Amino acid sequence: QTALTQPASVSGSPGQSITISCTGGGSDIGGYNYVSWYQQHPDSAPKLIIYGVTKRPSGVSHRFSGSKSGNTASLTISGLQAADEADYYCASYNSGITFGLFGGGTKLFVL
Amino acid sequence: QVQLQESGPGLVRPSETLSLTCTVSGGSMNDYYWSWIRQSPGKGLEWIGLIYSSGSTKYNPSLGSRVTLSLDTSKNHFSLKLTSMTAAETAVYFCARHKDAAAGPFIFEVWGQGTLVTVSS
């Protein structure tokens with residue numbers, strides 16, 4: 001497995017909620033609670049917004065939440081704001097030879 | 001708070017070796033894992049490898065034996081060497097500090113701003 005699977009893009013209107021999925025397998029998402037999510041604005045470094053499937057680092061808005069079911073993790077952003085328009089990446093520890101994997105990234109458009 | 005800064009050449013010739021350094025300021029390197037991650041233009045993130053403050057390492061197997069990480073905690077920096085570079089490895093190279101071990105593996109809490117490395121003759 002070379003990458004976790006994310007949709008290429010999602011969109012939503014200000015104030016709405018959106019969910020981004022991230023699908024892996026039993027050696028990563030399905031087997032461990034070590035999923036993290038990153039937000040990346042253009043020409044910036046990624047920023048950690050969720051770790052341990054559901055935990056938010058200090059300073060990250062409560063509008064960001066994470067969950068997991070089986071081999072699929074999800075990031076939900078509620079009360080969409082224009083500033084949320086960015087790329088979002090999931091990541092997970094992997095017990096195979098790769099040690100860890102990133103998703104391919106999802107571009108969020110706030111219409 | 002901890003800050004990371006990548007440094008190194010912005011241009012590397014094909015088949016040559018890339019050498020980058022990440023300088024850590026505002027905190028100690030001890031008891032943390034440190035990684036290099038790259039992002040090709042318009043593409044996703046690829047983990048290159050990590051090094052623990054003790055010096056133990058783990059690499060992305062897709063890079064084979066071309067990658068070497070090292071660190072010098074007394075100078076508060078860690079380094080990446082990647083041999084036999086190709087044009088396809090043109091990317092922004094980020095260094096990152098993992099979250100504390102209790103939080104779990106493969107969680108990148110602090111990132112450098114990234115440095116663009118172009119592979120071209």
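Every value quoted in this text rests on a predicted model; they were computed, and no experiment measured them.

Scanning chain A from N- to C-terminus turns up 0 helices and 9 strands. Secondary structure elements of chain A, listed N to C terminal, follow the sequence β-β-β-β-β-β-β-β-β. In terms of overall dimensions, chain A is globule-like: its C-alpha atoms have a radius of gyration of 13 Å, near the 13 Å expected for 111 residues. With the C-alpha coordinates of chain A rotated into their principal frame, the extents come out at 40 × 25 × 25 Å. Looking at chain A residue by residue over its 111 residues, the buried ones come to 48%.

What follows deals with the interface of chain A and chain B. Listed by partner, the interface residues are 21 residues for chain A and 22 residues for chain B. Counting the surface lost from both chain A and chain B, the interface buries some 1700 Å², and carbon and sulfur atoms represent 76% of this. By the criterion of area lost to chain B, the three top residues of chain A are Pro-46, Phe-99 and Phe-102 of chain A, representing 35% of everything that side buries. Between chain A and chain B we count 0 salt bridges in total. Counting across the chain A and chain B interface gives 4 residue pairs in polar contact (both at pLDDT 80 or more).

Another aspect to go through is the environment of Ser-13 of chain A. Residues and elements named next belong to chain A. Note that Ser-13 resides in the loop between β1 (9-12) and β2 (18-23). Assessed through its relative accessible area of 30%, Ser-13 is described here as partly exposed. With 91 residues separating them along the chain, Ser-13 and Gly-104 place their C-alpha atoms 23 Å apart. The residues touching Ser-13, leaving out its near neighbours within four places in the chain, are Leu-80, Val-110 and Leu-111.

Quick look at the state of the cysteines now. Residue and element names in this part refer to chain A. Tallying each qualifying case throughout the model produces 2 disulfides over all chains. Between the sulfur atoms of Cys-22 and its disulfide partner Cys-90 the distance amounts to 2.0 Å. Taking the sign of the S-S torsion, about 75° here, the bridge from Cys-22 to Cys-90 comes out right-handed. In this pair, Cys-22 is assigned in strand β2 and Cys-90 in strand β7 (residues 86-93), connecting sequence segments 68 residues apart. Residue Cys-22 shares its accessibility class with Cys-90, and that shared class is buried.

Residue and element names in this part refer to chain B. Scanning all chains against the criterion turns up 8 salt bridges over all chains. Glu-109 serves as the salt-bridge partner of Arg-97, at 2.7 Å between the closest nitrogen and oxygen. Here Arg-97, found in strand β9 (residues 91-98), pairs with Glu-109, found in strand β10 (residues 108-111); they are 12 residues apart in sequence, far enough to count as distant. Judged by relative accessible area, Glu-109 falls into the partly exposed class, the value being 30%. Several salt bridges converge on common partners, so that one network encompasses Arg-38, Glu-46, Arg-66 and Glu-89.

Cut-off values and rules
- Residues numbered from 1 in each chain as written.
- Chains lettered and ligands numbered in written order.
- Predicted model: local features only at pLDDT ≥ 70, side-chain atom pairs only at ≥ 80, totals over all residues.
- Heavy atoms only, no water.
- Helix = DSSP H or I, 4+ residues; strand = E, 2+ residues; numbered from the N terminus.
- Rg over C-alpha atoms; globule rule 2.2 N^0.38 Å.
- Buried < 20%, exposed > 50% of the residue type's maximum accessible area, 1.4 Å probe, protein only.
- Contact = heavy atoms within 4.5 Å.
- Buried area = accessible area lost by both parts, 1.4 Å probe.
- Salt bridge = Lys/Arg side-chain N within 4 Å of Asp/Glu carboxyl O.
- Polar contact = N/O pair within 3.5 Å; in protein donor to acceptor, adjacent residues only side chain to side chain.
- Disulfide = S-S within 2.5 Å.

So yeah, pure geometry; function would need other evidence.
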